[in-house]
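One letter stands for each residue in the lines below.
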Amino acid sequence: MKRVAVFGNAGGGKSTLAKRLAETTGLPLHPLDTIKFRPGGDEIPQEEYLALHAELLKQPEWIIDGFGCMTTLWQRLAEADTLVYLDLPLPMHAWWVTKRLIKGLWVTPEGWPEGSPMWRSTLSSYRVLWLCHRHLTPRYRAFVAQAAQDKQVFHLRTPGEIEEFMRKVTNNDLE
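Please read all numbers here as calculations on a predicted model, not as lab measurements.

Undergrad: For this particular structure, what's the right way to read the overall build of the protein?
TA: A count of helices and strands for the protein gives seven helices and five strands. Walking the protein from its N terminus toward its C terminus, one meets helices and strands in the order β-α-β-α-α-β-α-β-α-α-β-α. By the compact-globule yardstick of 16 Å for 175 residues, the protein fits well, its C-alpha radius of gyration being 15 Å. Per-residue burial for the protein yields a buried fraction of 44% across its 175 residues.

Undergrad: What's the story with helix α7 (residues 159–170) in this structure? I'm lost.
TA: In an α-helix, one turn spans 3.6 residues, which is why side chains three or four residues apart end up on the same side. The terminal C-alpha atoms of α7 lie 17 Å apart, and with twelve residues this matches the ideal 16 Å at 1.5 Å per residue to within 8%. Of the residues making up α7, those classed as buried are Ile162, Phe165, Met166 and Val169. Burial along α7 is one-sided: seen end-on, the buried residues are contained in an arc of 95°. Buried positions along α7 lie against α1 (14–25), β4 (82–86) and β5 (152–156).

Undergrad: Just checking my understanding: could you explain unusual backbone geometry for this structure?
TA: Backbone geometry follows two general trends: most residues other than glycine have a negative phi, and most peptide bonds adopt the trans configuration. With phi around 55°, asparagine 172 is a residue other than glycine that occupies positive phi space. A residue is classified by how much of its surface remains accessible, and asparagine 172, at 73% relative accessible area, is exposed.

Undergrad: It is not clear to me how the environment of lysine 168 should be interpreted in this structure. Could you clarify?
TA: Tracing the sequence through the fold places lysine 168 in helix α7. Classification of lysine 168 by relative accessible area gives partly exposed; the value is 23%. Not counting residues up to four positions away in its chain, the partners in contact with lysine 168 are Asp173 and Leu174.

Undergrad: How should a nonpolar patch on the surface be read in this particular structure?
TA: Taken together, the side chains of Ile102, Leu105, Trp106 and Val107 present a nonpolar region at the surface, about 460 Å² in accessible area. Mapped onto the fold, valine 107 is located in the loop between α5 (90–104) and α6 (118–147).

Rules used throughout
- Residues numbered from 1 in each chain as written.
- Predicted model: local features only at pLDDT ≥ 70, side-chain atom pairs only at ≥ 80, totals over all residues.
- Heavy atoms only, no water.
- Helix = DSSP H or I, 4+ residues; strand = E, 2+ residues; numbered from the N terminus.
- Rg over C-alpha atoms; globule rule 2.2 N^0.38 Å.
- Buried < 20%, exposed > 50% of the residue type's maximum accessible area, 1.4 Å probe, protein only.
- Expected span 1.5 Å × (residues − 1).
- Arc of directions from axis to C-beta.
- Contact = heavy atoms within 4.5 Å.
- Patch = residues over 30% accessible without salt bridge, like charges linked within 9 Å, V, L, I, M, F, W, Y side chains within 5 Å.
- Areas by Shrake-Rupley, 256 points an atom, 1.4 Å probe, with all protein chains shown as cover.
- Salt bridge = Lys/Arg side-chain N within 4 Å of Asp/Glu carboxyl O.

Okay, structure coming up:
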């Protein structure tokens, strides 16, 4: 486990899990939202983001969490040696987006740039939930099923599976 992509639908706990994974493994963490967006929430120019992402992929070790854009998503999944796919039930994703909004009124969410616009970002997350579930989730599931032949794949479907995965990482007990 040297190059880890943590991905899935909005509100699935990607940034929280990625941070825990980085703390446990010592691998450098790169939350894409802090790369793609400036403090305050403004998006950086696409070419700048693509260049930054390409530089990250050249590194020998990383944990990258998030979506970014379609182009960089598939590049990252191809370059990773380990895939951690958070595929919780859709109502749970929606609930966790709501919890993030409430908590975010007092503290910046994990993996977000300082000063991110909570209301606008949350509304965007709600829109993305259904689009991702309908269009990307089937592609993600097919990809991880195929990728399991060449990569370490962890397809986590419940909070319990997330905790069991972290327990195994902590105990250096991954198979």
